[in-house]
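Summary of the model geometry
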Amino acid sequence: MVRLPLTPAEVERGQRLGALLRRARGERSMLETALDAHVSPETLRKIESGRVATPAFPTIAAIADVLGLSLDAVWAEISRPDHGVGPTNSDHNAREQLTS
């Protein structure tokens, strides 16, 4: 099976997802987060860096659960076209906004 190239919108959404997960993870280590979500640290690193722009749904669901994020909040945050990919709030404020 041939995988089609990602569109620029998919790449950007993957970058927003990575930035969101980094902000939500805050001071928690990548290793601890990955192990608690039952994913490899390398997978989490690739998602956070945007190298995996379209990760599997169960992977994102597991990471979101560990970070205390609802999937609705994750989707709303990464689907906003006007949202930048860099952190705009402190880690604590970003997590509060997502879980409110």
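No experiment lies behind these values; they were computed from the predicted model shown.

Rules of the game
Residues numbered from 1 in each chain as written. Predicted model: local features only at pLDDT ≥ 70, side-chain atom pairs only at ≥ 80, totals over all residues. Heavy atoms only, no water. Helix = DSSP H or I, 4+ residues; strand = E, 2+ residues; numbered from the N terminus. Polar contact = N/O pair within 3.5 Å; in protein donor to acceptor, adjacent residues only side chain to side chain. Salt bridge = Lys/Arg side-chain N within 4 Å of Asp/Glu carboxyl O.

1. What about the side chain of E77?
Considering the arrangement of structural elements, one finds E77 in helix α5 (residues 71-79). Looking at E77, its side chain comes within polar contact range of the side chain of R23, at 3.3 Å.

2. Quick look at the pattern of salt bridges
Scanning all chains against the criterion turns up six salt bridges. As a salt-bridge pair, E32 and R28 come within 3.6 Å of each other at their nearest N and O atoms. In this structure, a network of salt bridges that share partners links the residues R28, E32 and D36.

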